[in-house]
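Coordinate analysis (summary)
Chain residues, written in single-letter form:
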Amino acid sequence: MSDRELRVSKIRNGTVIDHVSGGQALNVLSILGIDGSEGLGVSVVMNVPSDRLGLKDVVKVEDRELSQSEVDVISLIAPEATINIIREFDVVEKNRVDRPETVVGLLSCPNRNCITNANEPVETKFDVVDDGVRCTYCGTIIREELAAHIAPE
Ligand code: CTP
Ligand code: ZN
């Protein structure tokens, strides 16, 4: 590397979410519920050239692994993402994300009258359909504006 290049450091332990669709990194962080106040080490690279994607983002989160529902929602905004688990600087696991059939929790239903918004102990559940995700309870469809419906856990 010449002194004109600066690269984000490798991490010792944690998760690297690579091949994120360009511009989606901040939405990935909101899916993970990370806003910086947790004190976790977080590195974000946005809109760097990628052979496969044109432009990609990379999100590195130290000392944190992801839950399956977090990975499921990430797959909807970053279908080409790879999830790399890092232990003692080594990539010990690398997984592509899969488009899930359903997403439980993490998203909130935009319909104010939906049972999931009625202070009942009902977790949100959405079926993944061609043009977005559909609330299992009331049928409301969230299309492009998925990131606006990420519910804080
Ligand atoms: N990485 C990291 N810290 C480590 C190891 C890897 O931040 N200790 C990052 C790398 O910078 C890369 C990603 O994790 O962004 C995946 O690492 P690796 O599998 O070594 O890279 P590639 O072979 O380029 O991955 P792929 O084949 O998935 O493109
Ligand atoms: Zn609903």
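Residues numbered from 1 in each chain as written. Chains lettered and ligands numbered in written order. Predicted model: local features only at pLDDT ≥ 70, side-chain atom pairs only at ≥ 80, totals over all residues. Heavy atoms only, no water.

The next point concerns the overall build of the protein. Counting its regular elements, the protein contains 2 helices and 9 strands. Mapped in sequence order, the helices and strands of the protein form the string β-α-β-β-α-β-β-β-β-β-β. Once the C-alpha set of the protein is aligned to its principal axes, its extents read approximately 60 × 30 × 25 Å. Partitioning the intrachain contacts of the protein with sequence separation of at least 6 by distance along the chain shows that 58% fall at a separation of at least 24. Taken as a whole, the protein presents about 9100 Å² of accessible surface, with 45% of it coming from carbon and sulfur. Here the protein carries 16 positive and 26 negative side-chain charges, and the mean point of each set is 4 Å from the other. (Helix = DSSP H or I, 4+ residues; strand = E, 2+ residues; numbered from the N terminus. Contact = heavy atoms within 4.5 Å. Areas by Shrake-Rupley, 256 points an atom, 1.4 Å probe, with all protein chains shown as cover. Lys, Arg positive; Asp, Glu negative; His and termini not counted. Charge placed at Lys NZ, Arg CZ, Asp CG, Glu CD.)

Right, let's get into the site of ligand 1. What surrounds ligand 1 is the set Lys10, Ile11, Val16, Asp18, His19, Lys60, Asn84, Ile86, Phe89, Val91 and Lys94. Interatomic distance of 2.7 Å between a side-chain N/O atom of Lys60 and an oxygen atom of ligand 1. Surface burial for ligand 1 is 66%, taken as the share of its 600 Å² of free accessible area covered by protein chains. The cavity that encloses ligand 1 is the largest pocket. When residues of the shell around ligand 1 are traced back to their parent elements, those giving at least two are β1 (14-21), β4 (82-87) and β5 (90-96). If you tally residues by element for the shell around ligand 1, the top one is β1, at 3 residues. (Near = heavy atom within 4 Å. Polar contact = N/O pair within 3.5 Å; in protein donor to acceptor, adjacent residues only side chain to side chain. 1 Å grid on protein atoms, 1.4 Å probe; cavity = no way out; pocket = protein on both sides within 12 Å on 5 of 7 lines; lining within 4 Å. Sits in = over half its atoms within 2 Å of the grid points.)

Turning to the coordination of the zinc ion (ligand 2), a few remarks are in order. The zinc ion (ligand 2) binds to the protein through Cys109 (SG), Cys114 (SG), Cys135 (SG) and Cys138 (SG); the donor distances cover 2.3 to 2.4 Å. Every donor counted, the 4 donor atoms about the zinc ion (ligand 2) form angles of 99 to 116° at the centre, which fits tetrahedral coordination. Mapping the donors of the zinc ion (ligand 2) onto the primary sequence yields the spacing C-x4-C-x20-C-x2-C. Of this pair, Cys109 sits in the loop between β6 (102-104) and β7 (125-129) while Cys138 sits in the loop between β8 (132-135) and β9 (141-142), placing them 29 residues apart in sequence. (Donors = N, O, S within 2.8 Å, 3.2 Å for Na, K, Ca; no water. Tetrahedral: all angles 85-135°; square planar, octahedral: opposite > 155°, others 65-115°.)

Partitioning the protein into domains gives domain 1 (14-96) and domain 2 (102-149). Spacing between the C-alpha centres of domain 1 and domain 2 amounts to 23 Å. Facing 8 residues of domain 1, the contacting portion of domain 2 comprises 9 residues. Carbon and sulfur atoms supply 81% of the area buried between domain 1 and domain 2, which totals about 630 Å² over both sides. For the pair domain 1 and domain 2, the number of links is 0 salt bridges. The interface formed by domain 1 and domain 2 includes 0 residue pairs in polar contact (both at pLDDT 80 or more). At the level of secondary structure, the elements contributing two or more residues to the side of domain 1 that touches domain 2 comprise α1 (25-31) and α2 (68-77). (Domains from an automatic or database assignment. Buried area = accessible area lost by both parts, 1.4 Å probe. Salt bridge = Lys/Arg side-chain N within 4 Å of Asp/Glu carboxyl O.)

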